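Listed below are the residues making up each chain.
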Amino acid sequence: MTNDPVTISVPATTANIGPGFDCLGAALTLYNRFTFSLTADDNSPVVITAVGEEADRVQTDASNLVYRAFVQFYQAIQQPVPPVHITIQLGVPLARGLGSSATAIVAGLVGANALAGLPLTQQQVMQQAIAIEGHPDNVVPALLGGCRLAATKLDGGWEICEVPWHTDVAVVVAIPNFELSTAEARRVLPDRYSRADAIFNTAHLGLLIRGLETGTDSWLQAALQDRIHQPYRYSLIAGYKPVQSAALEAGAYGLVISGAGPTLLALTAASQAEAVRAAIASAWASEAITATVYVLHIDHRGATVSFESDPISA
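Throughout, residues of each chain are indexed from 1 in the direction in which the sequence is written. Whole-chain, interface and lining totals are the exception, using all residues; otherwise, since this is a predicted model, local features are given only for residues with pLDDT of at least 70 and side-chain atom pairs are given and counted only at 80 or more. Processing note: side-chain calculations cover all non-hydrogen atoms of the structure and skip hydrogens and water entirely.

### Here's the deal with the overall build of the protein chain
And then number 1: Of the regular secondary structure elements, the protein chain holds 10 helices and 12 strands.
And then number 2: A globule of 314 residues ought to have a C-alpha radius of gyration of about 20 Å, and the protein chain, at 20 Å, matches this closely.
And then number 3: With the C-alpha coordinates of the protein chain rotated into their principal frame, the extents come out at 60 × 45 × 35 Å.
And then number 4: Across the 314 residues that make up the protein chain, the buried fraction comes to 53%. Elements are defined by DSSP. Helices are runs of H or I of four residues or more, strands are runs of E of two residues or more, and each kind is numbered from the N terminus. Throughout, radius of gyration means the C-alpha value; the globule benchmark is 2.2 Å times the number of residues raised to the power 0.38. Accessible area is worked out with a 1.4 Å probe on protein chains only. A residue is then buried under 20% of its type maximum, exposed over 50%, and partly exposed in between.

### As for the pattern of salt bridges
Any two side chains of opposite charge can pair, on the condition that their charged atoms come close.
And then number 1: Salt bridge, as used here, is a side-chain nitrogen of Lys or Arg placed within 4 Å of a carboxyl oxygen of Asp or Glu. Taken as a whole and assessed by the stated rule, the structure comprises 6 salt bridges.
And then number 2: Asp197 is the salt-bridge partner of Arg227, the closest N and O atoms lying 3.4 Å from each other. You can see Arg227 sitting in the loop between helix H7 (217-223) and helix H8 (230-233) and its partner Asp197 sitting in helix H6 (residues 195-214), a full 30 residues away along the chain.
And then number 3: Residue class for Arg227 comes out partly exposed when judged on its relative accessible area of 33%.

### Regarding the packing of helix H1 (residues 65-76) against helix H2 (residues 100-115)
And then number 1: Running from N to C, H1 and H2 cross one another at 40 degrees; their axes reach a closest spacing of 7 Å. It follows from the interaxial angle that H1 and H2 lie oblique. The handedness of the crossing between H1 and H2 comes out as right-handed. Contact residues: H1 offers Leu65, Val66, Ala69, Phe70, Phe73 and Tyr74, while H2 offers Ser101, Ala104, Ile105, Gly108, Leu109, Ala112, Asn113 and Leu115.
And then number 2: For this classification, the nonpolar set comprises Ala, Val, Leu, Ile, Met, Phe, Trp, Tyr, Cys and Pro, the charged set comprises Asp, Glu, Lys and Arg, and every other residue, Gly included, is treated as polar. Across the contact of H1 with H2, the residue classes break down as 11 nonpolar, 3 polar and no charged. A fitted line through C-alpha atoms represents every axis, and for helices the fit uses only the stretch in contact; the resulting angles, taken between N-to-C directions, go from 0 to 180 degrees. Throughout this description, any angle smaller than 35 degrees is read as roughly parallel, any larger than 145 degrees as roughly antiparallel, any in the 65 to 115 degree range as roughly perpendicular, and the remainder as oblique. Rotating anticlockwise by less than a right angle from the far helix to the near helix defines a left-handed crossing, while the corresponding clockwise rotation defines a right-handed one. Contact definition: two residues touch when any of their heavy atoms are within 4.5 Å.

### Some details on the nonpolar core
And then number 1: The definition of a nonpolar core used throughout is a set of buried Ala, Val, Leu, Ile, Met, Phe, Trp, Tyr and Cys residues joined through side-chain atoms within 4.5 Å. Core analysis: the biggest nonpolar cluster contains 46 residues, and Ile8, Phe36, Ile86 and Ile88 have the highest contact counts within it.
And then number 2: Tallying contributions element by element places H2 first for this core, with 10 residues.
And then number 3: Residues in contact with Ile8, not counting those within four places in the same chain, are Asn32, Arg33, Phe34, Phe36, Ala107, Val110, Gly111, Ala303, Thr304 and Val305.
And then number 4: Among the nonpolar cores identified, the runner-up in size contains 30 residues, and Leu24, Leu28, Cys147 and Ile298 belong to it.

### Description of the sheet that holds strand S9 (residues 264-269)
And then number 1: At least two DSSP bridges between two strands are needed for those strands to be called paired. Read across the open sheet, the 4 strands follow the order S8-S9-S7-S10; overall the sheet is antiparallel. Among the strands making up the open sheet, the edge pair consists of strand S8 (254-257) and strand S10 (291-296). Across the sheet, the mean angle separating the axes of adjacent strands is 25 degrees when strand polarity is ignored.

### A short note on the side chain of Ser258
And then number 1: Within the element layout of this structure, Ser258 appears in the loop between S8 and S9.
And then number 2: Not counting residues up to four positions away in its chain, the partners in contact with Ser258 are Thr13, Thr14, Ala15, Arg96, Gly97, Leu98, Thr263, Leu264 and Leu265.

### Re the environment of Ala50
And then number 1: Mapped onto the elements, Ala50 comes out in strand S3 (residues 46-51).
And then number 2: Taking the C-alpha atoms as reference points, Ala50 and Ile88, separated by 38 residues in sequence, lie 4.6 Å from one another.
And then number 3: In contact with Ala50, other than residues within four places in its own chain, are Ala55, Val58 and Ile88.

### Describing the confidence of the model for the protein chain
And then number 1: Values of pLDDT, ranging from 0 to 100, describe the predictor's confidence in every residue of the model. Averaged over the protein chain, the pLDDT score is 93; the fraction of residues at 70 or greater is 97%.
And then number 2: Within the protein chain, the element-level pLDDT minimum falls on strand S12 (residues 310-313), averaging 48, and the maximum on helix H4 (residues 139-144), averaging 98.

### Quick word on the packing of aromatic side chains
The geometry of an aromatic ring pair is captured by the separation of the ring centres together with the interplanar angle, meaning the angle of the planes.
And then number 1: Pairing of aromatic side chains here covers Phe, Tyr and the six-membered ring of Trp, requires ring centres within 6.5 Å, and sorts the geometry by plane angle: under 30 degrees stacked, over 60 edge-to-face, intermediate tilted. Taken as a whole, this structure holds 6 aromatic pairs when the rule is applied.
And then number 2: Relative to Tyr74, the ring of Phe70 has its centre 5.1 Å away and its plane inclined at 55 degrees; by these criteria the two rings are tilted. Taken together, the residues Phe70 and Tyr74, both in helix H1 and 4 residues apart, mark about one turn of the helix.
And then number 3: Cation over ring: Arg227 sits above Phe200, and NZ or CZ is 3.9 Å from the ring centre.
And then number 4: Residue placement shows Lys241 over the ring face of Tyr234; its charged tip is 4.7 Å from the ring centre. Each ring is checked for a lysine NZ or an arginine CZ that lies within 6 Å of its centre and within 35 degrees of its normal; such an atom marks a charge sitting over the ring.

In structure tokens, the structure reads:
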């Protein structure tokens, strides 16, 4: 165990990416940072300080998701939970479909593991993260970085496959100033799908994986189609259709809902990324919706740990 403060940097994530519903996710170059400092105050098991935009919305008691993951880690290794001060520096918007809850879970587990002297492997930490979140598509890339495909194994565990992402495939992320709860986005989905829709998504997910690997324009343009979740969620996101049209006209391969939304994600050739970013921002502004639009990249490091500004892999 170490008494030195430890800082965990965790990337935002985008899940689904069109036809990859609940199985495909990628880490992005947008980050939350969490600093854990052990204290000697047994009367105050946790003190939480949040800084940054939306900091006033972060829970600062034991119900905070970062601390809950921190506690679950120590319970799993059957050690007492030490009193801790957690500072959260927000860079990933809350409740926007960019994996903010996944950053909290991963940080709580990785921070606890670092403070406890690394008793668990990265794979063991990953299994804990999936168990807490309930599914792998955000927590796995948040922990490992890159684009990851998750599939269940015969024994009920998870097989995680890295999906190569061509350097010429750029990511444009458009974050509106309204929220969409995951529960609401789940509620609109049907309980059953047709065989035709299942075949459609299977084919398009395969094409998407090859398109991301090779950067082939025509494959990516076709691959981002989906019949499992997006057709049912479009109406929950104000201005979706005008933004989609603007992105395509500016040269994007396609526009998809990031996670459960309302953030939208466009894939495009790197040479068109700035034009797509400007077109999306203008389209949402014309709908009287304020949005922050970034050109981002794929984060390949995942969660990182630093003691005294010396980052290492999680």
